[in-house]
Amino acid sequence: KILMSSCSVSEAMTDPIQEYLDNSCDKNAGDENVSPVLLPPRIGHPSLWRQEPSHSFSDWKIILVTDEDDVATSSIQDTSIDCKEFREPIISNDDEIINYDSSTIDASITTFHVHRCILAHVSSYFHSQFSQHLDTMEKTTSTSTIRLQRNAVQAFPVFLDYLYSSHIGRTSFSRENAVALRHLAMYFGVDVLLKDITGLILADLNRPESRVIFQEEANVFNDEKLLEALKTYKVHQNILLPLAETTYDSLAEDVERYLTEDYDPVIKSWLYISRYMDSDHDAFFAARNAEKFPDIFVGGAGVEKANGHYKLVGTRDDVGYYSNGVCMVFREAPHENQTLHTWSFDFNYGKSGTTIYYCRSDSDQPPTTGWEEEDEDLYAPPPTCIIPLKSKTSYAHLEIAV
């Protein structure tokens, strides 16, 4: 029995794009940092499906075929995984996965030796299939044969990585496989993956090159919701262009006033516009590098808007680029006649920006000390507390401690 995939959401799942479409005209939605909030990572069993079936005690096999495959003949070959082809995760002394290289995944692999208990735990599709008491062909052979689009077959190893460990799966998320993963999440009923990958897609709509890729892939998978979201995004971007120019002009006239005093209407307008106009954020870089460049908590800065929780939202100079919704923290390459890189707290708007604090350092992480004010009279004192927010850290506790 060959099962055909389609692009639809099961009744028990909620498509995050619907919430995006429902709230696309809500200006209050710009009050918060709109970078995607990924669900807490599950370490799970990161390498089991890549191991030899006899070593991992695999109890089920999945065979994927595409329209080009002749499933009526013996042309479907068992291209089973050789675990030697894959580089295992590097484990630290604290048993935390600190690096993973998925570049060796062979997209031509069409047979996967998996584990029912793991798949059934996160996928409503497999939970339903494994719960059936009928003597089906699948149950007799412990094999599912499923027909998918070729792009979905290529993304399937990343899909399995996510089912076994969302922490590992995210390290292979990309713009090229995002829509295929969204399709697989809907077809196999994986609600957590649907929320994660759709959040990244929506957060990445600001980037023109991403919209082109998403448009092409959405057409391949007939993803009507995503196509509608792309149209909605374009409409709002065009409507906001005149408002953006007015807002940027207001900020440029007296940016210090908006930073040091309470002028919420202008700031709220700027935040709403930035949802559609800011192309600096790179949601997929942030998803892949969350462990390498953890979020930071900033306290003690004289400019209140510079304090708070900064999320990793992209990259500058090959290291993390952070935002608390108003201010950005990033590293720049050394300027002329300088040897050290410069870390900056900036308030950026349009093609302009204002540096609030800076620090000379070649560190890959925002320095915890050594910050100076760009203007002592306006911005003193500089931040006195910068703390990396590891996954085990309680943000609420840090606020109290500071």
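Every value quoted in this text rests on a predicted model; they were computed, and no experiment measured them.

About the cut-offs
What you see as residue numbers is a count from 1 along each chain, following the sequence as written. With the structure being a predicted model, the display of local features is reserved for residues of pLDDT at least 70 and the display and counting of side-chain atom pairs for 80 or more, all residues being used for whole-chain, interface and lining totals. Excluded from the side-chain calculations are hydrogens and water; all other atoms, namely the structure's heavy atoms, are used. The numbering of helices and of strands both runs from the N terminus, where a helix is a DSSP run of H or I of at least 4 residues and a strand a run of E of at least 2. In this scheme, a residue with accessible area under 20% of its type's maximum is buried, one over 50% is exposed, and one in between is partly exposed, where area comes from a 1.4 Å probe on protein chains only. In this description, contact between two residues means that some pair of their heavy atoms is separated by no more than 4.5 Å. Areas reported as accessible are Shrake-Rupley estimates using a 1.4 Å probe. Residue values count occlusion only from the protein chains shown. To get an axis, a line is fitted to the C-alpha atoms, and for a helix only the part in contact is used. The angle between two axes follows their N-to-C directions and goes from 0 to 180 degrees. Small angles under 35 degrees read as roughly parallel and large ones over 145 as roughly antiparallel, with 65 to 115 read as roughly perpendicular and the rest as oblique. Throughout, a crossing is termed right-handed when the near helix is turned clockwise from the far one, and left-handed when it is turned anticlockwise from it by less than a right angle. Throughout this entry, Asp, Glu, Lys and Arg are counted as charged residues, while Ala, Val, Leu, Ile, Met, Phe, Trp, Tyr, Cys and Pro are counted as nonpolar. The remaining residues, Gly among them, count as polar. Here a polar contact is taken to be a pair of N or O atoms separated by no more than 3.5 Å, where protein atoms must pair a possible hydrogen donor with a possible acceptor and residues adjacent in sequence count only if both atoms sit in side chains. Centres within 6.5 Å make a pair out of two Phe, Tyr or Trp rings, where for Trp the six-membered ring is used; the pair is then stacked when the planes are under 30 degrees apart, edge-to-face when over 60, and tilted otherwise. In what follows, salt bridge is the name for a side-chain nitrogen of Lys or Arg lying within 4 Å of a carboxyl oxygen of Asp or Glu. Note on pairing: two strands pair once DSSP finds at least 2 bridges between them. Arc, as used here, means the arc of the directions from the helix axis to the C-beta atoms.

Chemist: Just checking my understanding: could you explain the overall build of the protein for this structure?
Modeler: Looking only at helices and strands, the protein has 16 helices and 14 strands in total. Burial analysis of the protein (402 residues in total) assigns 49% to the buried set. Taking all contacts inside the protein whose residues are at least 6 apart in sequence as the whole, residues at least 24 apart take part in 67%. Looking at the protein as shown, the accessible area adds up to about 19,600 Å², and 49% of this sits on carbon and sulfur atoms.

Chemist: Hey, could you run me through the packing of helix α8 (residues 175-188) against helix α9 (residues 191-203) in this one?
Modeler: Any two packed helices are characterised by the angle at which their axes cross and by the distance between the axes. Packing of α8 against α9 brings their axes to within 9 Å, and their N-to-C directions diverge by 155 degrees. Considering their axes alone, α8 and α9 lie roughly antiparallel with respect to each other. Handedness of the crossing formed by α8 with α9: left-handed. Together, Ala178, Val179, Leu181, Arg182, Ala185 and Met186 of α8 and Leu193, Leu194, Ile197, Thr198 and Ile201 of α9 make up the contact between the two elements. For the contact of α8 with α9, the residue count by class is 9 nonpolar, 1 polar and 1 charged.

Chemist: Please explain the side chain of arginine 207 as it appears in this structure.
Modeler: By secondary structure assignment, the location of arginine 207 is in the loop between α9 and α10 (208-220). Among the polar contacts listed, one links the side chain of arginine 207 to the side chain of glutamate 209, at a separation of 3.1 Å. Polar side-chain contacts of arginine 207 include one of 3.0 Å to the backbone oxygen of histidine 281. Other than its neighbours up to four places away in sequence, arginine 207 contacts Arg175, Ser279, Asp280, His281 and Asp282.

Chemist: Is there a simple way to think about the packing of aromatic side chains in this case?
Modeler: Any pair of aromatic rings gets described here by the distance separating the centres and the angle formed by the planes. Summed over all chains, the structure comprises 20 aromatic pairs. With centroids separated by 5.9 Å and ring planes inclined at 20 degrees, the aromatic side chains of tyrosine 162 and phenylalanine 173 adopt a geometry described as stacked. Of this pair, tyrosine 162 sits in helix α6 (residues 150-164) while phenylalanine 173 sits in the loop between α7 (166-170) and α8, and the two are 11 residues apart along the sequence. For the pair shown, tyrosine 162 and phenylalanine 173 are each scored as buried. Measuring from ring centre to ring centre gives 5.7 Å for tyrosine 321 and phenylalanine 330, while their planes differ by 45 degrees; the resulting arrangement is tilted. Residue classification places phenylalanine 330 among the buried residues on the basis of a relative accessible area of 2%. A network of ring pairs unites the aromatic residues Trp49, Trp60, Phe112, Tyr125, Phe126, Phe130, Phe156, Phe159, Tyr187 and Phe188 as a single cluster.

Chemist: I'm lost on the pattern of salt bridges in this one. Help?
Modeler: Side chains that differ in charge, positive against negative, can pair when their charged atoms come close. Summed over the entire model, instances satisfying the criterion amount to 11 salt bridges. For aspartate 317, the salt bridge is made with arginine 331, and the minimal N-O distance between the two is 2.6 Å. You can see aspartate 317 sitting in the loop between β8 (308-316) and β9 (319-323) and its partner arginine 331 sitting in strand β10 (residues 328-332), a full 14 residues away along the chain. In this structure arginine 331 comes out as buried when scored by relative accessible area, which is 7%. When the shortest N-O distance is used, the salt bridge between arginine 331 and aspartate 364 registers 3.5 Å.

Chemist: Looking at this model, I keep getting lost on the pairing of strand β11 (residues 342-349). Mind explaining?
Modeler: Burial runs high along β11: 8 of the 8 residues are buried. A two-sided burial pattern is seen for β11, the buried positions comprising Thr342, Ser344, Asp346 and Asn348 on one face and Trp343, Phe345, Phe347 and Tyr349 on the other. Here 5 bridges tie β10 to β11, and the two strands are oriented antiparallel to one another. In the strand pairing of β11, valine 329 is matched with phenylalanine 345.

Chemist: Mind showing me how you'd approach the sheet that holds β9 here?
Modeler: Backbone-to-backbone hydrogen bonds join strands into a sheet, with any given pair of strands oriented parallel or antiparallel. Taken in spatial order, the 8 strands line up as β13-β12-β11-β10-β9-β8-β7-β14 in an open sheet, and their pairing is antiparallel. A strand with exactly one partner marks an edge of an open sheet, and here the two such strands are β13 (372-373) and β14 (385-389).

Chemist: Hey, could you run me through helix α1 (residues 16-23) in this one?
Modeler: Residue pairs spaced three or four apart in an α-helix point in one direction, given the helix's 3.6 residues per turn. Every buried residue belonging to α1 is among Pro16, Ile17, Tyr20 and Leu21, and all of these are buried. Down the axis of α1, the sector holding all buried residues measures 145 degrees, keeping them to one side. Projecting away from the buried face of α1 at angles above 90 degrees are the exposed residues Glu19 and Asp22. For α1, the N-terminal capping position is held by aspartate 15, with its side-chain oxygen 3.0 Å away from the main-chain nitrogen of isoleucine 17.

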